[in-house]
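Coordinate analysis (summary)
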Amino acid sequence: MNNIIGILISIIFVFLIIGIASVMKKLDMLSNEGSRKFIHIGVSNWWIIAMIFFDNNISAAIVPGLFVIINYISYKKQIFNAMERDGSKKDLGTVYYALSLLILSLITFKNKELSYIGALGILIMGYGDGFAAIVGVNFGNHKFKILGNDKSIEGSLAMFVFSFIVSIIILYIFNPVNILLFSFMLALLSTALELFSPLGLDNLTVPLGSAMFFYIILLLQI
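This report concerns the structure included in the present document. Please read these numbers as outputs of a predicted model, since none were measured by experiment. (Residues numbered from 1 in each chain as written. Predicted model: local features only at pLDDT ≥ 70, side-chain atom pairs only at ≥ 80, totals over all residues. Heavy atoms only, no water.)

1. Focus: the pairing of strand E1 (residues 143-146)
For E1 and strand E2 (residues 149-152), the ladder comprises 4 bridges, and the chain directions are antiparallel. Looking at E2, one finds that Phe-144 is bridged to Lys-151. In sequence, E1 turns back onto E2 through a hairpin of 2 residues, with Leu-147 there showing a positive phi of about 55 degrees. (Pairing = 2+ DSSP bridges. Helix = DSSP H or I, 4+ residues; strand = E, 2+ residues; numbered from the N terminus.)

2. What about helix H2 (residues 32-44)?
Under the 1.5 Å per step criterion, the end-to-end length of H2 is 19 Å for 13 residues, consistent within 8% with the ideal 18 Å. Judged by how many residues are buried, H2 sits mostly within the fold: 11 of 13 residues are covered. Within H2, the full set of buried residues consists of Asn-32, Glu-33, Ser-35, Arg-36, Lys-37, Ile-39, His-40, Ile-41, Gly-42, Val-43 and Ser-44. On the buried face of H2, the contacting elements are helix H1 (2-26), helix H3 (46-53), helix H5 (93-108), helix H6 (115-139) and helix H9 (202-221). (Expected span 1.5 Å × (residues − 1). Buried < 20%, exposed > 50% of the residue type's maximum accessible area, 1.4 Å probe, protein only. Contact = heavy atoms within 4.5 Å.)

3. With respect to the environment of Ser-190
Looking at where Ser-190 falls in the secondary structure, it is placed in helix H8 (residues 179-195). Separated by 43 residues in the primary sequence, Ser-190 and Leu-147 place their C-alpha atoms 17 Å from one another. Sequence-distant contacts of Ser-190, defined by excluding residues within four places in its chain, comprise Ile-124, Met-159, Ser-163 and Val-206.

4. A few points about the nonpolar core
Burial of nonpolar side chains together is a common tendency in soluble globular proteins. Ranked by internal contacts, the top residues of the largest apolar core, which has 50 residues, are Ile-39, Trp-46, Trp-47, Tyr-116, Leu-171 and Phe-214. Among the elements that take part in this core, H6 stands out by supplying 9 residues, more than any other. If near-sequence neighbours (up to four positions away) are discounted, Leu-171 is found in contact with Tyr-116, Leu-120, Pro-176, Ile-179, Phe-182, Ser-183, Leu-186 and Phe-214. (Core = buried A, V, L, I, M, F, W, Y, C linked by side-chain atoms within 4.5 Å.)

Structure (structure tokens):
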């Protein structure tokens, strides 16, 4: 029963985040990029809902799987402009985002005790990458290009700082061993992955790469 409730709450939660962003965009309270990042950060918190309600990987994967399809249709048809980049079809970042949720749900919820590893990947992506873009757009005075993408020192620093903070919080709760060292390593890795991932691919490389990296750390500790 909890799994069914979790699915319903998950769908409501995601559409609520998209709806709020859409309204704020129409009221000129958020720019197009601002609405995208509001959704980017907000939806990443879905993982907390998943950890509360789901007890198996199939149930946890249903909603992300649904949004892989919905996000692709939105990308093609521009249905949810609040989460599409400049109303164009520049990249599949929103699809990659849902795909990351799907993959990590299928893998880490096989053993719910390890679902916090998925939380590391998703919340680093949500908060780290989300605030990297916000800081970069608004305060990025020292810009450079990597693989054709515009980056900034300020944005990359924000990526590192927020990834570090997210990692400390999650590891403190679920695996309080060498927290500062592992958080530093995760933040450094995720920042590098974000820098070198073009065309929205950071929505795949950052969560999957950081989660896989920490899983390898766990294996080496055993």
